[in-house]
Amino acid sequence: MARTKLYTGIYVALFVIATLQVGVEQIGLLESSYMLALALITVFSFVKAVVVAGYFQHLVWEPRSVTYVLVLGFVGFLALTVAASYSIL
Amino acid sequence: MIPDSTAASVLQSGLVPQGTRVQVFSEIYWVFLGLGTLVGAVVIGYMLYNAYKYSYQGGVDEEDRPKLGEVPTGGGKGKKLFLSLGLSAIIVISLIAWTYGTLLFVEGQTGEQGVDVEVEGYQFGWNFNYLDDGEYTGVNTTNTLRVPVDTQVNLYVTSADVFHNFGIPELRVKTDAIPGETTETWFEASSTGNYTAHCYELCGQGHSYMDAEIIVMEEEEYQDWYDSQNASANNESAASVAAAGV
Amino acid sequence: MTDDNQPRTDGGTATALPGDSHDDDHLPPRWSLKRWLVTTNHKDVGLLYLATAMFFLVFGGVLALLIRAQMWSPRAPGTGVLSAMAYNQAVSLHGLIMVFWFISPFATGFANYIVPLQIGAEDLAFPRLNALSYWLYLASGILVFASFFQGASYAGGWTLYAPLNIPAFMPSIGATTTVFGIVVFCASVTVGGVNFITTIHRMRAPGLTMRSLPLFTWSWLLTVWMMLLAFAALLAAVMILLSDRMLGTTYFAATTAGGSVLWTHLFWFFGHPEVYIVFFPALGAMAEIFQTFSGNRIVGRKWFIVSMVLVALQSFIVWMHHMFLTSINLEVKTLFMATTIGISLPFDLMVFALIYTLIKGRIRWDTPMLYAFGALVLFIVGGITGVFLGAVVLDYEFRGTYWVVAHFHYVMVSGVTGLIAGLFYWFPKMTGKTYDEFLGKLSFAVYFTGFNLLYFPLFLAWGTPRRVFAYRPEYVGWHRLASVGAVILGIAFLLIIYNLAKSIVAGDDAAANPWPYSTTAEWAVASPPPIENFPGKPSYASGNLEFLDDGATGAAAADGGTAATDGGHAALESGHGDDHHVDHASLWPAAIGLFTVVTAIGLSGLQVGSYPEGLEGLFYQGTSVLGVLGLLGSITAMGYENFTAHEGGLGEAWPFEGVENTKLGMWVFLASDVVLFGGFIGAAIFLRIAYGWEAWHPIPHNPIPGLVNTYLLLTSSFTVILALVAAQKRSRKGVVASLTLTFLLGLGFLANKAIEWVVLFSEGTGLDASVRASTYYLTTGLHMGHVIAGLLITAYLIWRAWNGAYTDGNDETLEYFGLYWHFVDIVWLFLFPLFYIV
Ligand code: HEM
Ligand SMILES: [Cu+2]
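Quick notes on the rules
Residues numbered from 1 in each chain as written. Chains lettered and ligands numbered in written order. Predicted model: local features only at pLDDT ≥ 70, side-chain atom pairs only at ≥ 80, totals over all residues. Heavy atoms only, no water. Helix = DSSP H or I, 4+ residues; strand = E, 2+ residues; numbered from the N terminus. Buried < 20%, exposed > 50% of the residue type's maximum accessible area, 1.4 Å probe, protein only. Contact = heavy atoms within 4.5 Å. Areas by Shrake-Rupley, 256 points an atom, 1.4 Å probe, with all protein chains shown as cover. Patch = residues over 30% accessible without salt bridge, like charges linked within 9 Å, V, L, I, M, F, W, Y side chains within 5 Å. Salt bridge = Lys/Arg side-chain N within 4 Å of Asp/Glu carboxyl O. Lys, Arg positive; Asp, Glu negative; His and termini not counted. Charge placed at Lys NZ, Arg CZ, Asp CG, Glu CD. Near = heavy atom within 4 Å. Polar contact = N/O pair within 3.5 Å; in protein donor to acceptor, adjacent residues only side chain to side chain. Nonpolar A, V, L, I, M, F, W, Y, C, P; charged D, E, K, R; others polar. Domains from an automatic or database assignment. Buried area = accessible area lost by both parts, 1.4 Å probe. Disulfide = S-S within 2.5 Å. Donors = N, O, S within 2.8 Å, 3.2 Å for Na, K, Ca; no water. Expected span 1.5 Å × (residues − 1).

Undergrad: Mind laying out the overall build of chain A, listing which residues take part and the relevant values?
TA: A tally of helices and strands in chain A yields four helices and zero strands. What you see in chain A, going N to C, is helices and strands ordered as α-α-α-α. In terms of its C-alpha atoms, chain A occupies a principal-axis envelope of roughly 50 × 35 × 10 Å. Looking at chain A as a whole, 46% of its 89 residues are labelled buried. A fraction of 56% describes how many contacts in chain A between residues 6 or more apart in sequence connect residues 24 or more apart. As presented, chain A carries roughly 4,300 Å² of accessible surface, and 78% of it is formed by carbon and sulfur atoms.

In structure tokens, the structure reads:
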């Protein structure tokens, strides 16, 4: 399968991003600039998640509707978390 | 989030019910009840009218009726549909928008003036701690709340154990008593007398009897009572300070 | 396809189907108990649902009569028919049973029976999972029943408010069992939801586009979508609650900042969609009945559908209107007041559409139409009184009173009324018998009178707080009237049951299509329909329903040889390809249900981390072990069983063309899992905000072990991909090696985690050490549970691969397992930073 190469590349990239994510903490960014560090760490997580879902789970090759099903679940989570958290701010 | 100036101008327009909570509730409630009954009667009446008018009576029929196995379709009367939707939307939205002004008034009122009391629910009763500028005064009662007439009473309600809800139905005041949280609300009684507060959230075995007596007193009478309580509270606390200071 | 050897199509009116006689369905006759244990046929399962739901109606109804008896007078302490705790249990279990174990399953019964017929499918996509959802439903019901015999059942109201729901305030084991019952019910609903979503999207007859789907099917489709997401949120809530009760985490403890409010969010995020979940099927049934009995197609069909879709979406953003008196801020109240009003508008449109459908009709007032019409009247009253509650200043006074009780009974029991309309409407189809029309009309008269006598006075007695039995003397009259109404409504239900029971035994045979203007496909087949439903391949392609003879065997089910197996990740290797038979029987769903009961009863004995002393504890421990072993065994057996079901995608499959049934099922399941994890993660975030975001530090001292676990999981994801690649290259060795590697990596993950936990425990950081510890252990623990489940499946896959599976061109199972495993990986990618770094 020609895709083996692609998968390997992605795997390596994931490995690197995971390391970078912890790197953000190790260099002390959380202490110096919490919000920036939090944002970076979140973005790293999303990037990894999207790559795994897109390629390992083949979502890029499926009809878009399958992705929307998951997005629906995710939006439900967001609605709950954001509105509930906002309600006590 | 809600600009104070808009809120203020809406509140001053005179359209919005203001006053004690008993007054605002009854004003809004009766308008809702009147319109609600009217709308209900019209809609249900119209249903019954059509139900009667179009009941099957045999005879020739030149309409195109549904047939078994056809692909489900349907349509028509779109204008009528949206007209009725529009009408109902106007009624509902304007009603709610109208009450929203009162909500802002009610919410803006807490703590502005009057007597402050912390209410603490527990299984199965109520403690009332009188506050002064947010501080405990040492005056506290259990299951009886004494308040002066024609004075705003601000309640800061919490719970010592489970979720309760403190409400005095005649005075149209109610709020949740949540452990670890404080909710704020207020009321004002316009006549002296005794009222009963209930717990409005199922809280265990004694829930049905978790009541408190609310005694609304003349201003002076209340002051006398409060001062005597305050004096004895101060004596006690002085005594305990002395005891602690040994 | 019928099987000539077996009198399955009993009832006399079944049409003989074109000659085929496969010895394929192995289904015992209807009079045999065994049939009902093993059947996977959607019609049988539908009947099981209906019968069980009716039982719970009676159960819940008896509790309601007890409540009304207690309410006959304001009771002094210790007087009346019930003790205070008995009353609290009656109130709580009445609500729980009616909402969970009666209404929704009742609707599910109709959906099971009717929806496949309406869309032209021979069965659901995953027949065994359908049976499984029934048996899990029954299991959950048995748990609730059993809870009464374990000290006391749940006594804190159907809304299960915290912190009354934790052992500190409600120590009885029975309360835990009730919560367990809800967990199992959620599982049942999820399994069912996945099944129906796959079926309705992918197995429609040619020509039956989404736009032309019958309204009952539409309403059910939206119901299951709402269920899928809402019940996943509830599952998160009740799992956390169970953990607080059984393991001793402290999410809802009175001392946890935000704990009580967290519960209200989690519960109502589910709770509001639930009210539409309850009502939608009834609405769909009413729409069908209005059309059939008025002889008109529905007015504004397109807008009706649009409105339903809007309501389904909006239902997830109104939940805080149940929380106006909590400490939420004014901005949020404003927002949710607006969304609440917003959601009432599409309902207005639907009500008007139904009313205008009557115009120029030839309305026949048969029993179904009487009930449907009555339901609409009641719904209008309930809806108008709901608008009162939407006005926040009024809600401040109505909250917690009988106004709310009256409002939601008008709307919810209007839904019940609509379903009873459906019961009479479809009764001839389901039983092949006609009901007694006079008794039916009589029952409606009694029902409508009883209903209004029962619920209307509750508006007038609205000053009464909910769930009390000591109320002000001035309300005695209204409460007595309500109690009388309750008895009358009870009699109406008995009349209905008597009518239908009598008709099953002695009614006249029903025609295939007893109603003049019905249109949908269920009326085009015999009453009751034969096992394979249709005499040929149903199609709307020509604009009208036709049954096409596809030539091969002349049988409906010989659908081009794309039968596929259902269920699990494990069963796919069998039966793909050219055999034409489909199965209708499996014992394993019932076995799983049974062992679920055993497991749950056993685990219910676990309280705050320990079992009771002595013999009792031994009983609970033994039962737990037995149950878990039985569960593992029966799940494996079900996975290994050869079972062939219909594959979809032959007709309309929008929007999932080209996504096989099992794959779609897996994705839909994962979407619900997103919400489940979302509930856990949302809870952790909420509690952290309540605690003070930056004052809260991760429990593990050091993110490096977590990073190692991230590496392990990422690598194991990669090896799963390699397994699939190897399978495509038909390399058995490659598959076995990659899977074994995956398994080892997973084990490594668990071992690393175990070390971390042991160290933390030894430092005294237990589950109950702090709310930080609770969220950390439980959320990563849920993830660990997913890893363990994945490893069990991996072990099974290795064994199968060793024996040569997956390398014969049927590697879907590996792919679908991969979807799951990568998902577990993705979840970790979020848990890791949340609990180890930030
Ligand atoms: C016009 C549409 C509706 C509006 C504006 C509305 C509004 C509300 C509001 C604001 C509450 C909270 C009351 C409180 O506890 O203070 C409520 C409670 C409730 N509503 Fe509705 N509602 C509507 C329709 C429905 C429908 C269609 C159903 C179900 C079929 C329903 C079922 C319920 C239930 C079960 C509760 C009470 C839950 C509980 O506290 O135990 N409502 N409604
Ligand atoms: Cu709601």
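Undergrad: Tell me what's going on with a nonpolar patch on the surface, and back it up with residues and numbers.
TA: Taken together, the side chains of Leu6, Tyr55, Val60 and Trp61 of chain A define a hydrophobic patch exposed on the protein surface, amounting to about 320 Å² of accessible area. Looking at where Tyr55 of chain A falls in the secondary structure, it is placed in helix 3 (residues 34-56).

Undergrad: Explain the environment of Asn50 of chain B to me, and be specific about the residues and the numbers.
TA: As for its position among the elements, Asn50 of chain B is in helix 2 (residues 21-53). Setting aside anything within four residues of it in sequence, one finds Asn50 of chain B in contact with Ile355, Leu358, Ile359 and Ile363 of chain C.

Undergrad: Outline a negative patch on the surface, supporting the account with residue identities and numerical values.
TA: Residue and element names in this part refer to chain B. On the surface, Asp150, Glu218, Glu219, Glu220, Glu221, Asp224 and Asp227 cluster together to form a negatively charged patch. Tracing the sequence through the fold places Glu220 in helix 4 (residues 219-244). The class of Glu220 is exposed, set by a relative accessible area of 64%.

Undergrad: So what's going on with the site of ligand 1? Which residues, and what values?
TA: All names here are of chain C. Around ligand 1, 23 residues are found, and the nearest of them are Trp158, Asp395, Arg399, His407 and Arg466. At 2.9 Å, a side-chain N or O of Trp158 approaches an oxygen atom of ligand 1. Here Asp395 contributes a side-chain N or O atom positioned 2.5 Å from an oxygen atom of ligand 1. Looking at the shell around ligand 1, the elements with two or more residues in it are helix 7 (259-294), helix 9 (330-357), helix 10 (367-390) and helix 12 (402-431). Residue contributions to the shell around ligand 1 peak at six residues, all from helix 10. Among the residues making up the shell around ligand 1, the classes are represented as 12 nonpolar, eight polar and three charged. Residue-level mapping places the shell around ligand 1 at the junction of two domains, with at least three residues from each of domain 1 (40-296 + 358-364 + 589-694) and domain 2 (365-507).

Undergrad: Tell me about the domain arrangement of chain C, and name the residues and values.
TA: Residues and elements named next belong to chain C. When the domains of chain C are assigned, the result is domain 1 (40-296 + 358-364 + 589-694), domain 2 (365-507), domain 3 (521-573) and domain 4 (697-838). Of the residues lining the interface, seven residues belong to domain 2; the matching set on domain 3 comes to seven residues. Here domain 2 packs against domain 3, burying approximately 540 Å² in sum over the two surfaces, 57% of which is carbon and sulfur. Per-residue buried area on domain 2 facing domain 3 is highest for Tyr425, Trp426 and Lys429; these three make up 78% of the total on that side. Across the contact surface, domain 2 and domain 3 share zero salt bridges.

Undergrad: Could you give an account of the state of the cysteines, with specific residues and numbers?
TA: The full count for this structure, using the stated rule, is zero disulfides over all chains. Between Cys203 of chain B, a cysteine without a disulfide, and Cys199 of chain B, which holds the nearest cysteine sulfur, the sulfur-to-sulfur distance is 3.9 Å.

Undergrad: Which residues make up the coordination of the copper ion (ligand 2), and what are the values?
TA: All names here are of chain C. Ligation of the copper ion (ligand 2) by protein atoms is provided by His272 (ND1), His321 (NE2) and His322 (NE2), these donors lying 1.7 to 2.1 Å from the ion. When the donors of the copper ion (ligand 2) are listed by position in the chain, the intervening gaps give H-x48-H-H. For the pair the copper ion (ligand 2) and the iron atom of ligand 1, the metal-to-metal distance amounts to 4.7 Å. Linking His272 in helix 7 with His321 in the loop between helix 8 (301-314) and helix 9, this pair joins segments that are 49 residues apart in sequence. The exposure class of His321 is buried, given its relative accessible area of 13%.

Undergrad: Kindly report on helix 3 (residues 78-109) of chain B, identifying the contributing residues and their values.
TA: The end-to-end C-alpha distance of helix 3 of chain B, which contains 32 residues, comes to 46 Å, matching closely the 46 Å that a straight helix rising 1.5 Å per residue would cover. Positive phi appears at Gly111 of chain B, one or two residues downstream of helix 3 of chain B, with a value of about 80 degrees.

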